[in-house]
Amino acid sequence: MTPFGARLRAMRKARGVTLSQMAAELGVSAAYLSALEHGKRGRPSWYLVQGVIAYFNVIWDEAEELTRLAGLSHPRITVDTSGLAPEATELANRIARDIGKLSREDAADLLQRLKRATGEKG
């Protein structure tokens, strides 16, 4: 599941909206929305994100957060470490190789450490 997919599903469930209902309003298939929620599809388009924001009538901070999560939700990424330190290349390769072995808690801990190291908030 991707960060955007998890948030989308939570919003939909909290409001009692079915996949079919939401898909019809957004002009996409229920299968596409399901795949998006489960991380089987790539990052959603800007237009779809804007459609979700309008559909749920969210404003400001929540809309910004949905847009941010969409940008971080491609389930298959490529990391270019050319020109970086050897440690960066090793880190990228170890993450790619071992991410599936991490518990949810360990992944969350590493994510928070990375955010602190890069000065990112949240």
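In this report, the structure presented in the accompanying data block is examined.

Reading the values: rules and limits
Residues numbered from 1 in each chain as written. Predicted model: local features only at pLDDT ≥ 70, side-chain atom pairs only at ≥ 80, totals over all residues. Heavy atoms only, no water. Axes fitted to C-alpha atoms, helices over the stretch in contact; angles between N-to-C directions. Helix = DSSP H or I, 4+ residues; strand = E, 2+ residues; numbered from the N terminus. Parallel < 35°, antiparallel > 145°, perpendicular 65-115°, else oblique. Contact = heavy atoms within 4.5 Å. Buried < 20%, exposed > 50% of the residue type's maximum accessible area, 1.4 Å probe, protein only. Left-handed = near helix turned anticlockwise from the far one by under 90°. Nonpolar A, V, L, I, M, F, W, Y, C, P; charged D, E, K, R; others polar. Expected span 1.5 Å × (residues − 1). Arc of directions from axis to C-beta.

## A look at the packing of helix α2 (residues 19–26) against helix α3 (residues 30–37)
Packing of α2 against α3 leaves a shortest axis separation of 8 Å and a crossing angle of 110 degrees. By the angle between their directions, the pair α2 and α3 is classed as roughly perpendicular. In this structure, α2 uses Leu 19, Ser 20, Met 22, Ala 23 and Leu 26 to contact α3, whose residues at the interface are Ala 30, Leu 33, Ser 34 and Glu 37.

## A few points about the environment of Ala 63
Tracing the backbone shows Ala 63 in helix α5 (residues 60–71). The exposure class assigned to Ala 63 is buried, which follows from its relative accessible area of 14%. With residues up to four places along the chain from it excluded, the contact list for Ala 63 reads Ile 53 and Val 58.

## Remarks on the packing of α2 against helix α4 (residues 46–55)
Contact pair α2 / α4: the axes reach a minimum separation of 10 Å and the direction vectors enclose 115 degrees. On the basis of their axis angle, the class for α2 and α4 is roughly perpendicular. For α2 against α4, the interelement crossing comes out right-handed. Along its contact with α2, which presents Gln 21, Met 22, Glu 25 and Leu 26, the element α4 presents Leu 48, Gly 51, Val 52 and Tyr 55. Of the residues assigned to the contact of α2 with α4, the class counts are five nonpolar, two polar and one charged.

## Considerations on α5
Compared with an ideal rise of 1.5 Å per residue, which puts twelve residues at 16 Å, α5 spans 17 Å between its outermost C-alpha atoms and is within 8% of the ideal. Among the residues of α5, Ala 63, Leu 66, Leu 69 and Ala 70 are the ones counted as buried. Looking straight down α5, one finds its buried side chains confined to an arc of 125 degrees; they lie on one side. For α5, the exposed residues set more than 90 degrees away from the buried face come down to Trp 60, Asp 61 and Glu 64. In this structure, the buried residues of α5 make contact with α1 (3–14) and α4.

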